[in-house]
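Fold and contact review
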Number of protein chains: 2
Amino acid sequence: MRILISGVTVVPVTGPADVIRDGAVAVDGGEIVYVGPSAQAPGGFEADRVIGGLEMVALPGLVNAHTHAAMTLFRSYADDLPLMRWLQDAIWPLEAKLKAEDVYWGTLLACSEMLLGGTTTFADMYFFMDRVAEAAAESGIRASLSRGLIGVAPGADKALKESRRFVRDWHGKANGRITCMLGPHAPYTCPPEYLKKVIKLAEELGVGVHIHLAETRQEIEEIQKRYGCSPVALVARTGLLDLPVLAAHCVHLSAEDIAILAEKKTGVAHNPESNMKLASGIAPVVQLLEAGVTVGLGTDGAASNNNLDMFEEMRSAALLQKVASGNPEALPAYAVLEMATIGGARALGLGDKIGTLEVGKRADIILLNLRQPHLWPPHDVVAHIVYAARAGDVDTVIVDGEVVVENGKLLRVDVDTVLDNARRCALRLVGRPKERSLL
Amino acid sequence: MRILISGVTVVPVTGPADVIRDGAVAVDGGEIVYVGPSAQAPGGFEADRVIGGLEMVALPGLVNAHTHAAMTLFRSYADDLPLMRWLQDAIWPLEAKLKAEDVYWGTLLACSEMLLGGTTTFADMYFFMDRVAEAAAESGIRASLSRGLIGVAPGADKALKESRRFVRDWHGKANGRITCMLGPHAPYTCPPEYLKKVIKLAEELGVGVHIHLAETRQEIEEIQKRYGCSPVALVARTGLLDLPVLAAHCVHLSAEDIAILAEKKTGVAHNPESNMKLASGIAPVVQLLEAGVTVGLGTDGAASNNNLDMFEEMRSAALLQKVASGNPEALPAYAVLEMATIGGARALGLGDKIGTLEVGKRADIILLNLRQPHLWPPHDVVAHIVYAARAGDVDTVIVDGEVVVENGKLLRVDVDTVLDNARRCALRLVGRPKERSLL
């Protein structure tokens, strides 16, 4: 399949001023073979398909660097609650009832939402991961998948074995769209001796590690009390950060923690809306970027967000850093767009494959339609993407060289089937619907 | 025109648990004549038009309680700048070049965006207000309009006279959709002696006052230095707060200021995204609501937002209060929905006419389509509206009993004409487009 995107504005995310008016992107066999002015596109390129349109903007697909996709089934089930009541009274009892089939439909619902909203890659940590992988593979999205591991749980060693099997079955599958990591949940649920087993397995399998790190004040206090150091220092001490690591949240960090993350080249997944909604705190994103840490952007699960909308997440990231620092220059639009694309790609260990529009990269490309009242007049296409655009503005989505969304419609997924099954699963899980439920 | 909305979920915003499944709203002559279960809708009601649809949600139109509509022309023209550079180097030079025609097209662009996104009423402060009123009247939206008054400017008294003429020409026009207020810009640009002239004129005309109040730390310091008190105390001392007042921002308030606003029944327009983007600060919304102050929600102008999206504004308001207070229970979904509807209506002095779906009120109603991946499954319709929905989910918009948006399309406004004229005006204003401009 050869695709030529032509006569559009290209924002390749290779530099703050890199905007190609009347630009083109050519794709052959899933790979980007040309990015530049339409007029200079390779002459002999015979496209099977030409995509274009005045006022269309092509940019790299967005990378959701941290989520729990199947938690879409719990969207708006429990809000405005303190973290422990939210977990203990609402989320954990539902998760205890989850079956493999629920996870499949919840993930397919999430993939549908993400693809329609311009997200072409996501990093997931959950369970029943075979079904997550199936749903991701079917939908056409790219995914980095980790089975969640709780070191203090009875089945901890069995879960490691399952992880080995899962990685062997899925890593590199779906033409490379599915990659795997190990998923130790967090330092407060995975003690150092367990993390050492995880390290050993990761080395054996040649994969990275996805972990929650320094999310809440409570975690900082607990680790400090138990081990006399910060969560970042603790995991560094185990050797974990010598592996490629994707660390979600990193809200509460000391200057020393930031230096460790920079030195170890740990990738951070910043989740501003989840951190705000659960009142976890404000991550020091400006300081992380200044220290040279790779930062991506994630939505976290839909239960604490309540959507998987990376456009919103970009806007919230920028606005939150500005108001928190009292500095309107903090985290400008382009820096946020980088986080949502190449930053996330690097944090997932995929920076050489995706995250920008450059020759030789896999073709994960989205097209936005700027000709709409809320995106007009187009004074600055990058500021528009970050400060004004919505997930619903995505017209076309290409993943690994395949068109998976066209005119805002999914091509691989039957949305009605997904919605009907997701409703059925949600109903079974909650039993009696809540007061304001329409289930 | 008699409209029957039937077989939908009705969220009338009359109480946190008020959700009518399979509900109906009947409209006759622009007025709501029934709200309740579809099965009990008045038997003899012969509708000219029936609107329905499984998975549709009807709620009051959103009220944008503070904006400068024509500033859509500057959307994304200047971002990530300190406030004074933003104003002095970017915004003011452009505003100096504005002609009446620009304001007309900029406002029509804003009205198009707002209606498509479910906003049925906006409060505006700008200049060339006759053209603002024309654009609002033509688009079908409801508007509360104030000519901005700068007391320290040379034409200050002339501007008061123009305001009198504007109010006499427009207050109550377009079947009552257009109402007027006086618009003294702020205490630091309108000294007490000028505010006293404003008060006199407001009393003569029988209208309220729209003012910026306590927006930045700089304003607090300046007023403290000049007058030895806070901006709120200063305007209270002039007698201004004895009138119906819509006070925009109110970011920096003492406990005493909050008590004054409560006692004087001053309406507050909270603008979270503008306050975040310009790093002005975080308004004490929870404390204002606890003190019994009426709080609405606004987007401010598109130059500091960069859109006029009230769904986003709802979400940002909730998330910001939670993270700022460290309390995830702060400002729950229903409280935010109230702010965006009846709160704003009351702050504009229109609480008896609009803001809820109740018999006897004017029919400002919007319909959202919940059957979409990012709004599924529908565990809680109110949480969905605030935490997951987008402006693009609005299917139908009714203002004053007239359908102005149907299937997400404007019925009164030709969008292409608006976009083309807005681009032309924007090009003339900026002269040479910026690096990332597509003008």
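Residues numbered from 1 in each chain as written. Chains lettered and ligands numbered in written order. Predicted model: local features only at pLDDT ≥ 70, side-chain atom pairs only at ≥ 80, totals over all residues. Heavy atoms only, no water.

1. Comments concerning the packing of aromatic side chains
Residues and elements named next belong to chain B. Going by this rule: When two rings of Phe, Tyr or Trp (its six-membered ring) have centres within 6.5 Å they constitute a pair, described as stacked for plane angles under 30 degrees, edge-to-face for angles over 60, and tilted for the intermediate range. Classification of residues uses two cut-offs on accessible area relative to the type maximum, computed with a 1.4 Å probe and protein chains only: under 20% is buried, over 50% is exposed, and between them is partly exposed.
Scanning the model with the defined rule gives 6 aromatic pairs over all chains in all. Pairing Tyr104 with Trp105 gives two aromatic rings, centres 4.9 Å apart and planes at 75 degrees, and the pair type is edge-to-face. Under the relative-accessibility criterion, Tyr104 is labelled buried at 9%. Arranged with centres 4.5 Å apart and planes meeting at 15 degrees, the rings of Tyr126 and Phe127 form a pair that is stacked. By relative accessible area, which is 26% here, Phe127 ends up partly exposed.

2. Regarding the pairing of strand β16 (residues 402–406) of chain A
Residue and element names in this part refer to chain A. To be explicit about the condition: If DSSP finds at least two bridges between two strands, the strands pair. Think of it this way: any DSSP run of H or I at least four residues long counts as a helix, any run of E at least two long counts as a strand, and we number them from the N terminus.
Here 3 bridges tie strand β15 (residues 394–399) to β16, and the two strands are oriented antiparallel to one another. Bridged to Ile398 within β16 is Val403. Between the end of β15 and the start of β16, which pair antiparallel, lie 2 residues, with Asp400 showing a positive phi angle near 55 degrees. Hairpin geometry of β16 and strand β17 (residues 409–410) is characterised by an intervening segment of 2 residues between the two adjacent antiparallel strands and by a positive phi of about 50 degrees at Asn407.

3. Here we look at the relation of the copies chain A and chain B
Condition: The superposition of copies rests on a least-squares fit of C-alpha positions from residues with pLDDT of 70 or more in both. Pairs of residues are marked as contacts when any of their non-hydrogen atoms sit within 4.5 Å.
Once chain A has been moved 0.0 Å along the axis and rotated by 180 degrees, it coincides with chain B to within an RMSD of 0.0 Å. The symmetry that links the two subunits is that of a two-fold axis. Residue A:Gly392 of chain A places its C-alpha closer to the rotation axis than any other residue of that unit, at 3.2 Å. Comparing interface residues between copies, 100% of those in chain A also lie at the interface in chain B; the contact surface is shared.

4. Concerning the environment of B:Ala133
Looking at the secondary structure, you find B:Ala133 in helix α3 (residues 129–139). The spacing of B:Ala133 and B:Val405 is 272 residues in sequence and 20 Å in space, taken between C-alpha atoms.

5. Digging into the state of the cysteines
Residues and elements named next belong to chain A. The condition is simple: Disulfide assignment relies on a single distance test, namely cysteine sulfur atoms paired within 2.5 Å.
For the structure on display, the rule yields 0 disulfides over all chains. No disulfide involves Cys180; its sulfur sits 14 Å from the nearest other cysteine sulfur, which is in Cys111. Free cysteine: Cys250, not disulfide-bonded; nearest cysteine sulfur from Cys229 at 15 Å. Looking at Cys250, the relative accessible area reads 0%, which means it is buried.

6. Some words on the environment of B:Ser437
In this fold, B:Ser437 is placed in the segment after α14 (415–430). The class for B:Ser437 is buried, based on a relative accessible area of 2%. C-alpha separation for the pair B:Ser437 and B:Tyr77, spaced 360 residues apart in sequence, amounts to 8.5 Å. In this structure B:Ser437 touches A:Arg21, A:Pro378, A:His379 and A:Asp380, once residues within four positions along its chain are discounted.

7. Examining the domain arrangement of chain A
When the parts of a complex come together, some accessible area is lost, and that lost area is often used as the size of the interface. Residue and element names in this part refer to chain A. Selection rule: Residue ranges assigned to the domains are those given by an automatic or database domain assignment. The quantity reported as buried area is the accessible area (1.4 Å probe) lost by two parts once they are put together, taken as the sum for both. Salt bridges are identified by distance alone: a Lys or Arg side-chain nitrogen within 4 Å of an Asp or Glu carboxyl oxygen. Definition of a polar contact: a pair of N or O atoms within 3.5 Å, with one able to donate and the other able to accept a hydrogen when the atoms are protein atoms, and with sequence-neighbouring residues admitted only if both atoms are side-chain atoms. Three classes are used, and their members are as follows: Ala, Val, Leu, Ile, Met, Phe, Trp, Tyr, Cys and Pro are nonpolar, Asp, Glu, Lys and Arg are charged, and the others, Gly among them, are polar.
Domains assigned within chain A are domain 1 (2–60 + 365–407) and domain 2 (62–347). For domain 1 and domain 2, the distance between their C-alpha centres works out to 29 Å. Contacts between the two partners involve 25 residues from domain 1 and, on the opposite side, 28 residues from domain 2. Each partner contributes to the roughly 2,000 Å² buried at the junction of domain 1 and domain 2, and carbon and sulfur atoms together form 70% of this total. For the domain 1 face of the interface with domain 2, the top three residues by lost area are Val13, Val386 and Tyr387, together amounting to 29%. Along the contact surface separating domain 1 from domain 2 lie 1 salt bridge. Linking Asp400 and Arg142 is a salt bridge whose minimum nitrogen-to-oxygen distance equals 3.0 Å. On inspection of domain 1 and its partner domain 2, the count reaches 7 residue pairs in polar contact (both at pLDDT 80 or more). Counting residues per element, the ones that place at least two in the side of domain 1 that touches domain 2 are β5 (56–60), β14 (365–369), α13 (381–388), β15 and β16. In terms of residues, the side of domain 1 that touches domain 2 owes the most to one element, α13, which gives 6 residues. When the residues that make up the side of domain 1 that touches domain 2 are grouped by side-chain class, the tally is 21 nonpolar, 2 polar and 2 charged.

8. A look at the packing of helix α4 (residues 156–170) of chain B against helix α5 (residues 192–205) of chain B
For any two helices packed against each other, one specifies the inter-axial angle together with the distance between the axes. Residues and elements named next belong to chain B. Threshold: Axes here mean lines fitted to C-alpha atoms, for a helix over just the part in contact, with angles spanning 0 to 180 degrees between N-to-C directions. Should an angle lie under 35 degrees it is considered roughly parallel, over 145 roughly antiparallel, and from 65 to 115 roughly perpendicular; all remaining angles are considered oblique. Two helices that cross are described as forming a left-handed crossing if the nearer one is turned anticlockwise from the farther one by less than a right angle, and a right-handed crossing if clockwise.
Following both chains from N to C, one finds α4 and α5 inclined at 15 degrees, their axes separated by 11 Å at the closest point. Considered as vectors, α4 and α5 are oriented roughly parallel to each other. Judged by the sense of rotation from one axis to the other, the crossing of α4 with α5 is right-handed. Mapping the contact onto sequence places Ala156, Asp157, Ala159, Leu160, Ser163, Arg164, Val167 and Arg168 in α4 and Tyr194, Lys197, Val198, Leu201, Glu204 and Leu205 in α5. Grouping the amino acids of the contact of α4 with α5 by side-chain chemistry returns 8 nonpolar, 1 polar and 5 charged.

9. Here we look at the packing of α5(B) against helix α7 (residues 231–238) of chain B
Residues and elements named next belong to chain B. In contact at an axis separation of 9 Å, α5 and α7 are set at 50 degrees when each is read in the N-to-C sense. Comparing their axes, α7 and α5 come out oblique. The way α5 lies across α7 gives a crossing that is right-handed. From α5, Pro192, Leu195, Lys196 and Ile199 reach across to α7, where they touch Leu234, Val235 and Thr238. The residue inventory of the contact of α5 with α7, partitioned by class, reads 5 nonpolar, 1 polar and 1 charged.

10. Concerning the interface of chain A and chain B
The interface of chain A with chain B comprises 83 residues on the first partner and 83 residues on the second. On the chain A side of the contact with chain B, A:His379, A:Arg436 and A:Leu438 bury the most area, a combined 14% of that side's loss. Between chain A and chain B we count 16 salt bridges in total. Here B:Lys322 ties to A:Asp80 by a salt bridge, and the two come within 2.6 Å at their closest N and O atoms.

11. Some remarks on the nonpolar core
Stated formally: Throughout, nonpolar core names a set of buried Ala, Val, Leu, Ile, Met, Phe, Trp, Tyr and Cys residues whose side chains join them through atoms within 4.5 Å.
Residues A:Phe74 and B:Phe74 are the most contacted members of the largest nonpolar core, which totals 299 residues. The residues touching A:Phe74, leaving out its near neighbours within four places in the chain, are A:Ile91, A:Leu94, A:Glu95, A:Leu98, A:Tyr126, A:Ala303, A:Leu429 and B:His379.

12. Topic: the pattern of salt bridges
Enumeration according to the criterion identifies 62 salt bridges over all chains in this entry. Residue B:Arg428 is joined to B:Asp102 by a salt bridge in which the shortest nitrogen-to-oxygen separation is 2.9 Å. Of this pair, B:Arg428 sits in helix α14 while B:Asp102 sits in helix α2 (residues 100–116), placing them 326 residues apart in sequence. Under the relative-accessibility criterion, B:Arg428 is labelled partly exposed at 36%. Relative accessible area serves as the criterion here: at 0%, B:Asp102 is assigned to the buried category. Salt-bridge contacts for B:Lys361 lead to B:Glu358; the nearest nitrogen and oxygen are separated by 3.8 Å. A network of salt bridges, in which partner residues are shared, links A:Glu55, A:Arg371, B:Asp416, B:Asp420 and B:Arg423.

13. With respect to unusual backbone geometry
Looking along the chain, the bond that leaves B:Asn305 and enters B:Asn306 is cis, with omega of 10 degrees. Here B:Asn306 shows up in the loop between β13 (294–297) and α11 (310–325). In this structure, the amide linkage connecting B:Trp376 to the following residue, B:Pro377, adopts the cis form with an omega of -10 degrees. Locating B:Pro377 in the fold gives a position in the loop between β14 (365–369) and α13 (381–388). Of note, the phi angle at A:Asp22 is positive, near 50 degrees, even though the residue is not glycine. The topology assignment puts A:Asp22 in strand β2 (residues 20–28). Phi angles above zero are rare outside glycine, and A:Ala279 is one such case at about 55 degrees. As for its placement among the helices and strands, A:Ala279 is situated in the loop between α9 (272–277) and α10 (285–290).

14. With respect to the pairing of strand β3 (residues 31–37) of chain A
All names here are of chain A. One ladder, built from 6 bridges, connects β2 with β3; its direction is antiparallel. Its bridge partner lying in β3, Val27 is registered against Ile32. Remark: 2 residues form the turn of the hairpin made by β2 and β3, two consecutive strands paired antiparallel; Gly29 in that turn has positive phi of roughly 60 degrees.

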